[in-house]
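Coordinate inspection notes
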Amino acid sequence: MPVYFERTESRHEADADCLTIGLVNNMPDAALQATERQFVALLGAAAGGMPVRLTPYALPDVPRTEWGLQYVRRSYAEIDALWNARLDGLIVTGTEPRSPNLRDEPYWRILTRLLEWAEHHTHSAVWSCLATHAAILHLDGIGRRPLEEKRFGIFDCERVAEHPLTAGAPARVPMPHSRWNDLPEEALTGSGYRILTRSDAAGVDAFVKQRKSLFVFFQGHPEYEAQTLMLEYRRDIKRFLLEERETYPGMPRGYFDEATVEALTALRERALVDRREEVLADFPTVLAAGTVTNTWRASATCIYRNWLAYLSERKDARAAAA
C-alpha cells in the first residue's frame, strides 16, 4: 500500500515523487486510531501506484482525556509545524460538538486559522462532517440546522452534477451518514457551492467550492469501514443504558439485515424496561459483524482517486511554472 502514515515535522519541502497530505484528526479519543486506519486504507485503495505521505496533526484545543493528549503528542505533528509545511492536500475531520453554537467551541479560533491557511497553501482541502459545518459557517455565515432525529445509516445519494471528482462514479452512490445537524441546500447553492451528490432522505451529501484551493465538503463519511456504524450504534445504546442520553437511539437505516434487525429490536425492548449496562452483553455483535458490508467503498475509492489525480495535476502544473 503506497501510503506512508508518519509524523514528519522536519520535512517541510515538497517531495516531487510523492503527494504530501496532512490529516488534521479531531475525532474523539476512542475514534482516533480507527480514523487513521480508515483514511490510510481509503487513500491506499485510491492511490494505485502513486506514493502518498499522510502526516497527522491535531488541534490543541479539542477536549481530550490524558490518554488522548499523550497519544497525539507522541504520534502527531504539532499544529504549529503545519504553518510551515508544504502540503499538496489537506483532510480535516470533525469531532463531537460540545456547544450548540460552533463559534463557542474551544478550538474555533485555531480551526478558522486552519481554514484560511488551507486556502492559500494547498491545492485542495477536504472537510468532513462537523468540520464541514464549521467551515461553511466561517466562510459564508451559513448555520447548520438541528435535526429532529439523528441522520444515521446508509443513504442512496444521486450524482447531480458533472465534476472531475465524481468522474466515473455511478449515478447513485451509497454513503454512510451520522449527524444531528444539516446544512440547507438552498443556502449553499445561493452562496456558490456546487452540489455533487444528494438524496431526498439525507439532503446534501458532497459539495465543492473553488476558492484559491478547491474546497471539498462531505456531510457523509466515505472513509467509514463496514462495521463503523455498528460500533457507533452500540456506543449510543451504551450511553442510553448509562443514562448519558435520554432516548434510545434509532437503528441505522439501510444497514443491518433482517435477522440482525430482529435481534436488535428485541434488545431495545429489553433495554427500555431493564435500563442497566449489563443488558449490552446481548448486543448481537457476531451476527451483525458477519452481515454488514461496505457497499460504499467502490464509490468512495473512485471519488478519492479523482481527488488524488487532481492534486497530482496541480502539483505538476506548479512545478512546471516554477
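The rules behind each value
- Position numbers for residues count from 1 along each chain, tracking the sequence in the order it is written.
- Only residues with pLDDT of 70 or above have their local features reported here, since the model is predicted, and side-chain atom pairs are shown and tallied only from 80 upward, although totals for entire chains, interfaces and linings are computed over all residues.
- No hydrogens and no water enter the side-chain calculation; it runs on all heavy atoms of the structure.
- Residues grouped as a nonpolar core are buried Ala, Val, Leu, Ile, Met, Phe, Trp, Tyr and Cys residues, joined through side-chain atoms within 4.5 Å.
- Each residue's exposure class comes from its accessible area (1.4 Å probe, protein chains only) as a fraction of the maximum for that residue type: buried when under 20%, exposed when over 50%, partly exposed otherwise.
- For the purposes of this entry, the term helix denotes a DSSP run of H or I that reaches at least four residues, the term strand denotes a run of E that reaches at least two, and both are numbered from the N terminus.
- In what follows, a contact means two residues having at least one pair of non-hydrogen atoms within 4.5 Å.
- Only protein atoms enter the calculation, which uses a 1 Å grid: trapped sets of points that fit a 1.4 Å probe without letting it out are cavities, open sets showing protein on both sides within 12 Å along at least five of seven lines are pockets, and any residue with an atom within 4 Å of a point is a lining residue.
- Grid points are joined across faces, edges and corners, and a volume is the space filled by probe spheres set on the points.
- In this count, Pro and Cys sit with the nonpolar residues alongside Ala, Val, Leu, Ile, Met, Phe, Trp and Tyr, while Asp, Glu, Lys and Arg are called charged and the others, Gly among them, polar.
- What counts as an axis is a line fitted to C-alpha atoms, over the stretch in contact for a helix, and the angles between N-to-C directions run from 0 to 180 degrees.
- Roughly parallel covers angles under 35 degrees, roughly antiparallel covers those over 145, roughly perpendicular covers 65 to 115, and oblique covers all other angles.
- What counts as a salt bridge is simple: a side-chain nitrogen of Lys or Arg found within 4 Å of a carboxyl oxygen of Asp or Glu.
- A pair of strands counts as paired when DSSP detects no fewer than two bridges linking them.
- Looking down the strands as they point away from the viewer, one classifies a crossover as right-handed if the path from the first strand across the helix to the second runs clockwise.

Bringing the nonpolar core into the picture now. Leu59, Leu114, Trp127, Leu188, Phe207 and Phe217 are the most contacted members of the largest nonpolar core, which has 40 residues in total. Secondary-structure elements contributing two or more residues to this core are helix 3 (79-82), strand 4 (89-92), helix 4 (108-121), strand 5 (124-128), helix 5 (130-140), strand 9 (203-210) and strand 10 (214-218). Setting aside chain neighbours within four positions, we find leucine 114 in contact with Val24, Leu59, Leu82, Trp83, Leu90, Val92 and Trp127. Core analysis: the next-biggest nonpolar cluster, separate from the first, contains 29 residues, Leu19, Val52, Leu165 and Trp307 among them.

Here we come to the environment of isoleucine 21. Positionally, isoleucine 21 belongs in strand 2 (residues 19-24). Exposure remark for isoleucine 21: the relative accessible area of 0% places this residue in the buried category. A C-alpha to C-alpha distance of 12 Å links isoleucine 21 and tyrosine 304, two positions 283 residues apart in sequence. Ignoring sequence-local partners within four residues, the contact set of isoleucine 21 consists of Val52, Arg53, Leu54, Thr55, Leu87, Gly89, Leu90, Ile91, Trp307, Leu308 and Leu311.

This next bit is on empty space enclosed by the protein. Overall, the coordinates contain 4 cavities of 30 Å³ or more when judged by the stated rule. Estimates place the volume of the second largest cavity at around 80 Å³. Taken together, 13 residues form the lining of the second largest cavity, with Thr95, Tyr107, Leu111, Leu130 and Ala131 sitting closest to its centre. Taken together, the elements giving at least two residues each to the lining of the second largest cavity come down to helix 4 and helix 5. Among the elements that take part in the lining of the second largest cavity, helix 5 stands out by supplying 3 residues, more than any other. Of the residues that constitute the lining of the second largest cavity, the class distribution is 9 nonpolar, 4 polar and no charged.

Before going further, it helps to spend a moment on the packing of helix 1 (residues 32-47) against helix 2 (residues 66-75). Helix 2 packs onto helix 1 with a crossing angle of 40° between their chain directions and a minimal axis gap of 11 Å. The angle between helix 1 and helix 2 falls in the class oblique. In this structure, helix 1 uses Leu32, Gln33 and Glu36 to contact helix 2, whose residues at the interface are Trp67, Tyr71 and Val72. For the contact of helix 1 with helix 2, a count of residues per class yields 4 nonpolar, 1 polar and 1 charged.

Attention shifts here to the pattern of salt bridges. In total, this model carries 26 salt bridges according to the counting rule given. Close ionic contact of glutamate 225 with arginine 37 constitutes a salt bridge, the shortest N to O distance being 2.7 Å. One end of the pair, glutamate 225, is in the loop between strand 10 and helix 7 (228-241); the other, arginine 37, is in helix 1, and 188 residues separate them in sequence. Across the pair aspartate 182 and arginine 179 runs a salt bridge, and its minimum N-O distance is 3.0 Å. Among the charged side chains, a salt-bridge network with shared partners connects Glu96, Lys150, Glu232, Arg235, Asp236 and Arg239.

This part is about the layout of surface pockets. When its volume is computed, the largest pocket comes out at roughly 1,200 Å³. The wall of the largest pocket is formed by 43 residues, among which Pro28, Glu96, Glu232, Arg235 and Arg239 lie closest to the centre. Going through the elements one at a time, helix 1, helix 5, strand 7 (172-182) and helix 7 are the ones with two or more residues in the lining of the largest pocket. Size it by volume and the second largest pocket reaches roughly 310 Å³.

Here we come to the pairing of strand 5. Within strand 5, 5 of the 5 residues are buried, which leaves the element mostly enclosed by the surrounding structure. Neither face of strand 5 is exposed, since Ser124, Val126 and Ser128 on one face and Ala125 and Trp127 on the opposite face are all buried. Strand direction decides the pairing type here: strand 4 and strand 5, joined by 4 bridges, are parallel. Residue glycine 89 lies in a different strand from strand 5, and its bridge partner there is serine 124. Read as a crossover between parallel neighbours, the route from strand 4 over helix 4 to strand 5 is right-handed.

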